[in-house]
Amino acid sequence: MAQFQHATAAAHDDVNAYQDAILPQVSRTFALTIPALPPMLRRAVANAYLLCRIADTIEDDPALSAESKRYYENAFIDAVAGRIDPHRFAAELAPLLSTETLEAERDLVHRLPLVLQVTNALKLVQRTAIVNCLNVMSHGMYEFQSRASLRGLDTLRDLDRYCYCVAGVVGEMLTELFIDFEPALAEHRSTMMRLAVQFGQGLQMTNILKDQWEDRNHGVCWLPQDVFARYGVRLIELQPGQQNEHYGEAISELIGVAHAHVRHALEYTLLIPARHSGMRRFCMMSIGLAVLTLRNLHENSGFSSGAQVKVSHNAVALTVMLTKLASKSNMGLRQMFTMAAHKLPFTPLGEDWSESQNFRPAWTQSATPYPAEPIGCEPVDLRDAQQR
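Conventions adopted
Residues numbered from 1 in each chain as written. Predicted model: local features only at pLDDT ≥ 70, side-chain atom pairs only at ≥ 80, totals over all residues. Heavy atoms only, no water. Helix = DSSP H or I, 4+ residues; strand = E, 2+ residues; numbered from the N terminus. Buried < 20%, exposed > 50% of the residue type's maximum accessible area, 1.4 Å probe, protein only. Contact = heavy atoms within 4.5 Å. Areas by Shrake-Rupley, 256 points an atom, 1.4 Å probe, with all protein chains shown as cover. Axes fitted to C-alpha atoms, helices over the stretch in contact; angles between N-to-C directions. Parallel < 35°, antiparallel > 145°, perpendicular 65-115°, else oblique. Left-handed = near helix turned anticlockwise from the far one by under 90°. Nonpolar A, V, L, I, M, F, W, Y, C, P; charged D, E, K, R; others polar. Core = buried A, V, L, I, M, F, W, Y, C linked by side-chain atoms within 4.5 Å. Expected span 1.5 Å × (residues − 1). Polar contact = N/O pair within 3.5 Å; in protein donor to acceptor, adjacent residues only side chain to side chain. Phe/Tyr/Trp six-rings, centres within 6.5 Å; stacked < 30°, edge-to-face > 60°. Disulfide = S-S within 2.5 Å. Arc of directions from axis to C-beta. Salt bridge = Lys/Arg side-chain N within 4 Å of Asp/Glu carboxyl O. Patch = residues over 30% accessible without salt bridge, like charges linked within 9 Å, V, L, I, M, F, W, Y side chains within 5 Å. pLDDT = per-residue confidence, 0-100.

How would you sum up the overall build of the protein chain? Please name residues and give values.
In terms of regular secondary structure, the protein chain is built from 18 helices and zero strands. Out of the 388 residues belonging to the protein chain, those deemed buried represent 55%. Within the protein chain, residue pairs in contact and separated by at least 24 positions form 76% of the contacts whose partners lie at least 6 positions apart. About 17,100 Å² of surface is accessible on the protein chain, with carbon and sulfur atoms providing 51% of the total.

Shown next, in the form of structure tokens:
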């Protein structure tokens, strides 16, 4: 605690130093992967992640009512887009956050004006990508959180939509930032956008499976009822440590779905030129950690907490080392993935994920209405923004 306070206090007057200091406090994974990126891209991605984290903090805080969350999510986007004073927003929201919210997350909300100094220094195309992402993410999270329960989501399709609004849209945003940094990627825009959604889907499904018991303790379940119903399992009756073989069969199917999506994440990574080894490492470290987590889940379907299937520090260190060694070799990255994913279940994806379709759920077009402003709720054409 004292170390955190010292780090953030020392960084108070240096916006970049604050980003570096707060990032490890709010995400172990991104603190590991973001430093691999080239400096200018690293700055934008770290800033985007911290803003997404604030949106998560608002939505997850137990002290805020549903309507308060809706109000502050909308106000947050207004603050990021420059339509209201971020100092006033932060001063109003920060004292309302529960002590159950991490101190680092509360500090991040309090220092939103500092974070936005970095945002406002970014290029227009970068800022636009970030605001588009926050719009879809915030409205989507509100929609799903407002009807979340221990019964789970109705269908696997609903899980796809949930994963899109909390992770797939982040993949789209990162793709825009990558293309802005390396214009040669523009020729792969359509393919990368589709694969980016699958990238996010694979990572988010892995987290949902890992964190399912902690989520249940908070009164929510993000697993799909239809998959478990096929095996005779009712999600509302699940208890940690009391799973049966039918539960294990359902989990195995979902591990297979996540595995299929993460394989597409590998294809996304290989579209990045080998000369950008840092960008490849950023992607591959996340992929590697997801695959190792899926392996732990597959080998221990009777787990009762996320800590039991968490990737060990030694495995993380090995993943970082191997990723660095293989980052410039397509063959090396494929072999590393194949070895890590060996014996994992594999579930073929449905037609919605076919090569000919660019998966983007129609529901985002009818999400919670948002006032028309200079940067509205509908995604802005980033190619037009890039030309300005």
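That covers the picture; the talk isn't over yet.
Can you explain the packing of helix α4 (residues 39-60) against helix α7 (residues 103-110)? Please cite residues and give values.
Packing of α4 against α7 leaves a shortest axis separation of 10 Å and a crossing angle of 110°. With respect to α7, the element α4 is oriented roughly perpendicular. Judged by the twist between their axes, the crossing of α4 over α7 is left-handed. In contact with Leu50, Arg53, Ile54 and Thr57 of α4, α7 contributes Glu105, Leu108 and Val109. Broken down by class, the residue content of the contact of α4 with α7 amounts to four nonpolar, one polar and two charged.

Give me the nonpolar core: which residues, what numbers.
In this structure, Leu51, Phe76 and Phe178 are the most contacted members of the largest nonpolar core, which totals 114 residues. Counting residues per element, this core draws most heavily on helix α10 (residues 156-181), at 14 residues. Those residues in contact with Leu51 that lie beyond four places of it in its chain are Phe76, Val80, Leu112, Val115, Leu116, Thr119, Ile130 and Leu134.

With reference to specific residues and values, describe helix α2 (residues 15-26).
With 12 residues, α2 ought to run about 16 Å at 1.5 Å a step, and its terminal C-alpha atoms sit 16 Å apart, in line with that. Within the sequence span of α2, burial applies to Val15, Tyr18, Gln19, Ala21, Ile22, Leu23 and Val26. Its side-chain oxygen at 3.1 Å from the backbone nitrogen of Asn16, Asp14 defines the N-terminal cap of α2.

So what about the packing of aromatic side chains? Which residues, and what values?
Remark: the centre distance and the inter-plane angle together describe each pair of aromatic rings, the angle taken between the planes. Here the structure, examined in full by the defined rule, presents 11 aromatic pairs. In this structure an aromatic cluster arises from ring pairing among Tyr71, Tyr72, Phe76 and Phe89.

Please provide a residue-by-residue account of the state of the cysteines, values included.
Counted by the stated rule, this structure contains zero disulfides. Looking at Cys52, it has no disulfide partner, and the nearest cysteine sulfur is the one in Cys133, 4.1 Å off. Given the relative accessible area of 6%, Cys52 is considered buried.

A description of helix α17 (residues 330-340) should follow, citing residues and the corresponding values.
Owing to its 3.6 residues per turn, the α-helix brings residues three or four apart onto one side. Among the residues making up α17, those that are buried are Gly332, Leu333, Met336, Phe337 and Ala340. Relative to the axis of α17, the buried residues are bounded by an arc of 130° and lie together on one face. Among the exposed residues of α17, those pointing more than 90 degrees away from its buried face are Met331 and Met339. Buried positions along α17 lie against α14 (245-270), α15 (277-299) and α16 (313-326).

Describe the packing of α2 against helix α8 (residues 112-121), naming the residues involved and giving the relevant values.
Remark: α2 packs on α8, axes separated minimally by 9 Å, with the N-to-C direction vectors making an angle of 115°. In terms of orientation, α2 and α8 fall into the roughly perpendicular class. Considering how the two elements wind past one another, α2 and α8 form a crossing that is left-handed. Mapping the contact onto sequence places Val15, Asn16, Tyr18 and Gln19 in α2 and Leu114, Val115, Gln117 and Val118 in α8.

Which residues make up the pattern of salt bridges, and what values do they have?
For the coordinates displayed, the defined rule picks out 12 salt bridges. The salt bridge partner of Glu143 is Arg147, with a shortest N-O separation of 3.7 Å. On the accessibility criterion, Glu143 (24% relative accessible area) is partly exposed.

For a nonpolar patch on the surface, give the residues involved together with the corresponding values.
The grouping of Leu318, Met321, Leu322 and Leu325 at the surface amounts to a nonpolar patch, some 390 Å² of accessible area in total. Here Leu325 lies in helix α16. Assessed through its relative accessible area of 69%, Leu325 is described here as exposed.

Go over the environment of Arg234 with me, naming the residues and quoting the values.
Note that Arg234 resides in the loop between α13 (225-229) and α14. Here the alpha-carbon distance between Arg234 and Tyr247, two residues 13 residues apart in the chain, equals 9.2 Å.

Can you lay out unusual backbone geometry for me, pointing to particular residues and giving the numbers?
With a phi close to 75°, Lys343 is a non-glycine residue in the positive phi region. Structurally, Lys343 is set in the loop between α17 and α18 (382-387).

Kindly report on the confidence of the model for the protein chain, identifying the contributing residues and their values.
Here the protein chain shows a mean pLDDT of 88. Residues at 70 or above account for 88%. Note that pLDDT drops below 50 for residues 6-12; the model gives that stretch 10 contacts with residues more than four away or on any other chain.

Give a description of the side chain of Thr206 that names residues and reports values.
With respect to the element layout, Thr206 can be found in helix α11 (residues 189-210). The residues contacting Thr206, other than those within four sequence positions of it, are Ala258, Ala290, Thr293, Leu294 and Leu297.

Tell me about the side chain of Gln198, and name the residues and values.
With respect to the helices, strands and loops of the structure, Gln198 is situated in helix α11. If near-sequence neighbours (up to four positions away) are discounted, Gln198 is found in contact with His261, His264, Leu349 and Trp353.

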